[in-house]
Amino acid sequence: MKILVPLKRVADPDNANKVKIPASGEKIDTTGLEPKPNPFDEYALEAALRLTENGQTPKVRAGEVIVVTFGPKECDTTLRAALATGADRAIRVDTTDDKLDGDLVARALKAIVDREKPDVVVMGKQAVDGDSNQVAQLLAEYLDWPQATFAATVHEEDGALLVGREVDGGVITLRVKLPAVVSVDLRIVAPTSVYSTKTARTFKYNDGVRFAALPAIMAAKKKPLVELKLADLTADVAPKIVYNAFQAPPARKAGIKVKDVADLVLHLKDEAKVL
Amino acid sequence: MPPVIEQSFMKALFHGVISEDMIFPFPEMPAEDRENVSMILDSVRKFCAASVDSAKIDREHEIPAEVLEGLKGLGLFGLQIPTDFDGIGLSSTAYARVMQEVASVDTSIAVTLGAHQSIGLKAILLFGTPEQKRKYLPKLATGEHVAAFALTEPAAGSDAAAIKTRAELSPDGTHYVINGSKIWITNGGFADVFTVFARTSSVEEGQKPKITAFIVEREWGVKSGPSEHKLGIRGTSTTELFFDDVKVPVENVIGEVGKGFKVAMEVLNNGRLGLASGSLGLARTLMKLAIERVQERRAFGRSIGEFGLIKDKIARMLAQMFALESMTYLTTGMIDQKVADYSVESAICKVMGSEVVWEVVNETLQIAAGIGYMSDYPYERMLRDARINLIFEGTNEILRAFIALTGLQGPGKALVEVSKALREPIKGFGLLSDFAVRRAKTVLGRERMSRAHPLLSHEVVIFEDMTGELANYVDSTLRKHGRRIAEMQFAQRRVAEMAMDLYALAACISRTTRAIERRGEEGAKREIDLTRVFGGLAHRRMATIVSEFARNDDELRKSVASRAYTDGAYPFDIL
Ligand SMILES: Cc1cc2nc3c(=O)[nH]c(=O)nc-3n(C[C@H](O)[C@H](O)[C@H](O)COP(=O)(O)OP(=O)(O)OC[C@H]3O[C@@H](n4cnc5c(N)ncnc54)[C@H](O)[C@@H]3O)c2cc1C
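Residues numbered from 1 in each chain as written. Chains lettered and ligands numbered in written order. Predicted model: local features only at pLDDT ≥ 70, side-chain atom pairs only at ≥ 80, totals over all residues.

**A few points about the overall build of chain B**
Our working rule: By the criteria applied, helices consist of DSSP H or I runs no shorter than four residues and strands consist of E runs no shorter than two, each listed in order from the N terminus. Each radius of gyration is computed over the set of C-alpha atoms, and the globule rule expresses the reference value as 2.2 Å times the number of residues to the power 0.38. Each residue is classed by its C-beta neighbour count within 10 Å, where at least 20 other C-beta atoms makes it buried, 12 or fewer makes it exposed, and intermediate counts make it partly exposed; the C-beta atoms are placed from backbone geometry. Once C-beta atoms have been placed from the backbone, residue pairs whose C-beta atoms lie within 7 Å are recorded as contacts.
A tally of helices and strands in chain B yields 19 helices and 10 strands. Computed over its C-alpha atoms, the radius of gyration of chain B comes to 25 Å, within 12% of the 25 Å expected for a compact globule of 575 residues. Each principal axis of the C-alpha distribution contributes one length, and for chain B these read about 75 × 70 × 65 Å. Relative to its full complement of 575 residues, chain B shows a buried share of 49%. Across chain B, every contact between residues at least 6 apart in sequence was considered, and the portion connecting residues at least 24 apart equals 76%.

Here it is as structure tokens:
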């Protein structure tokens, strides 16, 4: 199976409270925050790797994983980390985040899919910086492929994927014919979430994403990483979404202490007007 | 360009010469290495977060087998072994940085990995023949085999030349037969390959023994005693080793027969840097705990971090850590630039590292106070773990003597040559004039450090002045006492401690200069401030030592100690 995994580099999500907005409101300032791969994309890579191996040691790879990112030269680090973790090839589309929106990324990805012809695109459900949650859906639409979003489990079948998705009160399972677009949620990295047809259903993965062994890190330098121009992928490079201004959410007002339940009810009725 | 008098920055400094080209610009990891090392650290962090429970390792006196397997699987057993032999091929700087990370998580694991590759297999790496490397390194790189370094014996700790373990050549000259025992060998319980030091000359009173290094496989009959119970690093395996007619083929001699002592010293010179960076790693973890604690814990209506005495502790710790980090990575950078002589520098890093982490763990425990003392918290374990660093790989006393005496050797030789030259003034003219110029420079004016950033001029003056003081003291002491200096340990301590502070300060200045050049004054504020705090601390320590050059109570202290040996105990009681 050949899988394309789009990856995004984001400002350290664990320190999102350090994000600043300058008085001009023209942008969100993330200086000083360490760049990290988007966690959902790391889960997508893990799922893709599991789908292209047999689960045994030493692992036998059965397929190819291509990672692609949109960003400046510094993003090569993110790609090389993915190569060290097990991806086979990498593509970086040279651009910067402020020149993109979800639609443009989806159109550019479509062009890459047209060239690479993967069996499936596995991607994070959303990037934790913009939290837009659009690209997978848009891409499936542009490709006219079936889509399964927020996957918690993926089991490969012949020519199809059985995708489990958590919903209120249970799990729905969809069968998507390949080729398809799948976006993943965090449960996808649980020990029994993903199986390729080559992996015994009794096999249990380590919980979470795998990390690169040192020899693989050194060897990753020899794996191919190509750079493309955005304009080579799509003639129309203008984003559709234009941001006019950024504004921090208003600071929360301090709470008050109520005397007793009767007082609470009074406040809820008169002030909050929820009763 | 002045003539190069020593291949080492510190050795030159003992002559009063500041070889600034050796420390400017502050070395930097190549971009590619930096990227690799960040990825390696990322893997190490993720692995440790998922699999390492230091409290459990301490409690159960063992690193679980799965954890060791995991570390091997990651490739952490072959960090500096070249890729040709299936290792990772890291530079000295990258190696030290990875060991720093490991030690920041768990000292037992760091010491186990260090005993394996900082010292255990280092002799093969540095002195092994191509055949020895081919035979042993690949399995050591993957951790299929684990190595240990076996030098210490019951009657030979600091005085390593006193070892009694013998290696006798078989009559047919094909192998050696080793008999004897070793003590306190890290990884002794499970190592497969040992670097063993044994004497290859007969024991004769007053005769310097010939020592030879061997690669010995466990399979050839090496037996281990039970694991020792210890204060700290309880997850490491520390055992005795017994050699009872163990046959070792002659091909397994490392380096030359009779040159084993040099092998041991080179291995330790190199290994000490892993210990220095490991100390830094532990100190960083403690600093994080300290900073969290002082902001969280409240007393007298404030967080304790608001109090001056607490702030003073934090600032001192930060400054000493900055100095330690700067000198350690200055030294590894020199090694990576193929500077061959770094024995004084690495000994300084080991002493400084172990003493800084000891101060940091002690002060952090003090800040944590009650919870610091409780076994439910990590502080007391870290205190116990940190203590070993002052003892092994050369005790800090031995290393102080080593720093002083090694540093004094150069000026000592120069003086001997000068006195010879003075007797034969014509022949020795060149030498004499070089020496005269150098002396004139250090006596009349200071030797200068010109490449430092002007914002650090105050620290540079401290460095230059104190370098002059050190060189003058070295010169006058050598003239007055000559070889007797070897017995003068009070003087050696002063010389060594000045050398340590001078090296630390030089490293801070070089590193901060680079930071200012890159990021400007505002951007390098943290580095500048810490260099200033460290400069102040070092200046006061060195000024005290300089005052002791002129006036001290060394003789009084010696006689007090000697009398106590006769008294046999503390001589007073108020009854
Ligand atoms: C946990 C642990 C692990 C170890 N692992 C290893 C290992 O893997 N391989 C190995 O070979 N060894 C190992 N050792 C041994 C270690 O290197 C020695 O303990 C160390 O060299 C000191 O020797 P000693 O303990 O015999 O002390 P001694 O030599 O007896 O020294 C006792 C004291 O006297 C001081 N002293 C000694 N000589 C002088 C002098 N000339 N001038 C001033 N002061 C002096 C010392 O500094 C010390 O304070 C280990 C030790 C420990 C505790």
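**A few points about the overall build of chain A**
Of regular secondary structure, chain A possesses 7 helices and 12 strands. If one aligns the C-alpha atoms of chain A with their principal axes, the spans along those axes are about 65 × 45 × 40 Å. Taking all 275 residues of chain A together, the buried fraction comes to 37%.

**Overview of the site of the ligand**
Residues and elements named next belong to chain B. What counts is decided by this rule: We call a residue near a molecule or strand if the C-beta atom, set from the backbone, is within 6 Å of it. Amino acids outside the nonpolar list (Ala, Val, Leu, Ile, Met, Phe, Trp, Tyr, Cys, Pro) and the charged list (Asp, Glu, Lys, Arg) are all regarded as polar, and Gly is one of them. How far each domain reaches was decided by an automatic or database domain assignment.
The ligand sits among 20 residues. The nearest are Thr-152, Gly-157, Ser-158, Thr-395 and Glu-397. Only strand 1 (147–150), strand 3 (175–186) and helix 14 (396–423) provide two or more residues apiece to the shell around the ligand. Residues of the shell around the ligand, tallied by class, amount to 12 nonpolar, 6 polar and 2 charged. Looking at which domains feed residues into the shell around the ligand, each of domain 1 (9–26 + 262–397) and domain 3 (147–257) gives three or more.

**Some thoughts on the interface of chain A and chain B**
The interface of chain A with chain B comprises 12 residues on the first partner and 15 residues on the second. Within the residue set of the side of chain A that touches chain B, elements represented by two or more residues are helix 2 (76–85) and helix 5 (214–220) of chain A. Among the residues forming the side of chain A that touches chain B, the class breakdown is 9 nonpolar, 2 polar and 1 charged.

**Considering unusual backbone geometry**
Note that the residue after Leu-178 of chain A, namely Pro-179 of chain A, is joined by a cis bond; omega there is 0°. Inspection of the secondary structure puts Pro-179 of chain A in the loop between strand 9 (170–177) and strand 10 (180–184). Cis rather than trans, the peptide bond between Phe-24 of chain B and Pro-25 of chain B has omega equal to -15°. Within the secondary structure layout, Pro-25 of chain B lies in the loop between helix 1 (9–14) and helix 2 (31–51). In this model, Asp-131 of chain A sits at a positive phi of 55°, which is unusual for a non-glycine residue. Considering the arrangement of structural elements, one finds Asp-131 of chain A in the loop between strand 6 (120–124) and helix 4 (135–143). Look at Asp-131 of chain A and you get exposed, because 9 C-beta atoms sit within 10 Å.

**What about the confidence of the model for chain B?**
Put simply, the rule reads: Note on scores: pLDDT gives the predictor's confidence for each residue, bounded by 0 and 100.
When pLDDT is averaged along chain B, the result is 94, and 94% of the positions lie at 70 or above. Across the predicted assembly, pTM comes out at 0.92 and ipTM at 0.86.

**Overview of the packing of helix 9 (residues 260–296) of chain B against helix 11 (residues 343–368) of chain B**
All names here are of chain B. The test is simple: Only the contacting stretch of a helix is used when fitting its axis, a line to C-alpha atoms as for every element, and angles between N-to-C directions run 0 to 180 degrees. Convention used here: angles under 35 degrees read as roughly parallel, angles over 145 as roughly antiparallel, angles from 65 to 115 as roughly perpendicular, and any remaining angle as oblique. Note on convention: the crossing is left-handed when the near helix lies turned anticlockwise from the far helix by less than a right angle, right-handed when the turn is clockwise.
Two elements in contact, helix 9 and helix 11, have axes separated by 8 Å at closest approach and are oriented at 20°. Between helix 9 and helix 11, the crossing angle belongs to the class labelled roughly parallel. The element helix 9 and its partner helix 11 pack so that their crossing is left-handed.

**A short note on the pairing of strand 8 (residues 160–167) of chain A**
All names here are of chain A. Heads up, the rule is: A pair of strands is treated as paired once DSSP finds two or more bridges between them.
Bridge analysis of strand 7 (residues 147–157) against strand 8 gives 6 bridges, and the strand direction is antiparallel. What sits directly across from Thr-153, in strand 8, is Gly-164. What sits between the antiparallel neighbours strand 7 and strand 8 is a turn of 2 residues, in which Gly-159 has the positive phi angle 70°. As defined by bridge partners, strand 8 adjoins strand 9 across 8 bridges and the pair is classed as antiparallel. Looking at the pairing, Val-163 lines up with Leu-174 of strand 9. The antiparallel pairing of strand 8 with strand 9 creates a hairpin that spans 2 residues between the two strands, and Gly-169 there sits at a positive phi of about 80°.

**Examining helix 6 (residues 107–120) of chain B**
Residue and element names in this part refer to chain B. Worth spelling out the cut-off: Helices are assigned an expected span. That span is 1.5 Å times one less than the residue count. Bend angle per residue: angle between axes fitted to the 7 residues ending at that residue and the 7 residues starting there.
For helix 6, which comprises 14 residues, the first-to-last C-alpha distance of 17 Å sits more than 12% below the rise-based estimate of 20 Å (1.5 Å per residue). The axis of helix 6 is deflected most strongly, by about 40°, at Gly-114. Most of helix 6 is tucked away: 14 of the 14 residues are buried.

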